[in-house]
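Spelled out from the first residue to the last, the chains are:
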Amino acid sequence: EVARAIERFEALDEAIRAMSGVLAVDRVLQVVVDRVRALTGARYAALGIHDQAGVIEQFVTTGISRPDRARIGAPPRGHGLLGVIIRENRIIRLADLMADPRRAGFPPNHPEMHAFLGVPVVVRGRTIGNLYLTEKEGGFDAEDERLVEVFARHAAVAMENARLHDQVQR
């Protein structure tokens, strides 16, 4: 168990270092979702960036091919369970997303998703988006939740740094 904890800590450290070295906004968003997916062992991961009204403006994914993503159609806007996380601004962990009555908006070509973990990303006290993870073998546990919560805090800093760098460049 100690060896597993050390391994996860080292993976978290590596993921944080990878994010902090990226200064292009779009690239940092992709690194965030790629790294959190690898860190947790989730099959799919996404990062939804929303506006102050709670509408998802950007939705970055990993674990699904571009053609499969295109077949799904328009990205989510923040309805159903994704909207619950935005409105309630809290972590939600589910054993079976498909059984939750709050889920909505699964288009015809969307893969089934069961195990689910949603974690807010907060910059200077303001939630700017959420990390969404699905399909981890055996489901997500409290340790995953804590790990992603720490990761989300560092992701927020990396995202804010990239945004500020972009402003300075312009």
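Calculation notes
Residues numbered from 1 in each chain as written. Predicted model: local features only at pLDDT ≥ 70, side-chain atom pairs only at ≥ 80, totals over all residues. Heavy atoms only, no water. Helix = DSSP H or I, 4+ residues; strand = E, 2+ residues; numbered from the N terminus. Rg over C-alpha atoms; globule rule 2.2 N^0.38 Å. Buried < 20%, exposed > 50% of the residue type's maximum accessible area, 1.4 Å probe, protein only. Contact = heavy atoms within 4.5 Å. Areas by Shrake-Rupley, 256 points an atom, 1.4 Å probe, with all protein chains shown as cover. Lys, Arg positive; Asp, Glu negative; His and termini not counted. Charge placed at Lys NZ, Arg CZ, Asp CG, Glu CD. Pairing = 2+ DSSP bridges. Axes fitted to C-alpha atoms, helices over the stretch in contact; angles between N-to-C directions. Parallel < 35°, antiparallel > 145°, perpendicular 65-115°, else oblique. Nonpolar A, V, L, I, M, F, W, Y, C, P; charged D, E, K, R; others polar. Phe/Tyr/Trp six-rings, centres within 6.5 Å; stacked < 30°, edge-to-face > 60°.

S.K.: Hey, could you run me through the overall build of the protein chain in this one?
M.R.: When helices and strands are tallied, the protein chain shows five helices and five strands. Going from the N terminus to the C terminus, the protein chain shows its helices and strands as α-α-β-β-α-α-β-β-β-α. The C-alpha atoms of the protein chain give 15 Å as radius of gyration, which agrees with the globular expectation for 170 residues (15 Å, within 12%). Overall size of the protein chain, expressed as C-alpha extent along the three principal axes, is 45 × 40 × 30 Å. Of all 170 residues assigned to the protein chain, the portion counted as buried reaches 42%. Pairs at least 24 residues apart make up 55% of the contacts formed inside the protein chain by residues separated by at least 6 positions. For the protein chain, the accessible area works out to roughly 9400 Å², and carbon and sulfur atoms hold 50% of it. Between the averaged position of the 23 positive side-chain charges in the protein chain and that of its 23 negative side-chain charges there is a distance of 4 Å.

S.K.: I would appreciate a short explanation of the environment of Gln52 in the present structure.
M.R.: In this structure, Gln52 sits in the loop between strand 1 (42-50) and strand 2 (56-62). Spatially, the C-alpha atom of Gln52 lies 9.3 Å from that of Arg126, the residues being 74 residues apart in sequence.

S.K.: Could you clarify how one ought to interpret the sheet that holds strand 1 in this entry?
M.R.: Two pairing modes exist for strands in a sheet, parallel and antiparallel, and in both the strands are linked by backbone hydrogen bonds. The antiparallel open sheet is built from five strands, whose spatial order is 2-1-5-4-3. Strands with a single pairing partner mark the edges of an open sheet, and in this sheet they are strand 2 and strand 3 (92-94). Shown here is a sheet whose adjacent strand axes are inclined to one another by a mean of 15°, direction ignored. Taken together, the three bridges between strand 3 and strand 4 (residues 116-123) define a ladder with antiparallel strand orientation. Looking at the pairing, Ile92 lines up with Gly118 of strand 4. Contacts between helix 5 (residues 142-169) and the sheet are confined to strand 1, strand 3, strand 4 and strand 5 (126-136), with strand 4 contributing the most and set at about 35° to the helix.

S.K.: I would appreciate a short explanation of the packing of helix 1 (residues 2-20) against helix 2 (residues 25-40) in the present structure.
M.R.: Each packed pair of helices is defined by two parameters, the angle between the axes and the distance between the axes. Put simply, helix 1 and helix 2 touch, their axes get as near as 9 Å, and they point 175° apart. With respect to each other, helix 1 and helix 2 are oriented roughly antiparallel. For the pair helix 1 and helix 2, contact is made by Arg8, Ala11, Leu12, Glu14, Ala15, Ala18 and Met19 and by Val28, Val31, Val32, Arg35, Leu39 and Thr40, respectively. Across the contact of helix 1 with helix 2, the residue classes break down as nine nonpolar, one polar and three charged.

S.K.: I keep staring at the packing of aromatic side chains and nothing clicks. Help me out?
M.R.: For any pair of aromatic rings, the description rests on two quantities: the centre-to-centre distance and the angle between the ring planes. Under the definition given, this model contains two aromatic pairs. When the centroid spacing of 6.2 Å and the interplanar angle of 35° are considered together, the rings of Phe59 and Tyr132 count as tilted. Separated by 73 residues along the polypeptide, Phe59 in strand 2 and Tyr132 in strand 5 bring together distant segments of the chain. What makes Phe59 partly exposed here is its relative accessible area of 23%. A centroid spacing of 6.4 Å and a plane angle of 25° characterise the contact between Phe116 and Tyr132, whose relative ring orientation is stacked. With Phe116 in strand 4 and Tyr132 in strand 5, this residue pair connects regions lying 16 residues apart in the sequence.

By themselves these figures say nothing about function.
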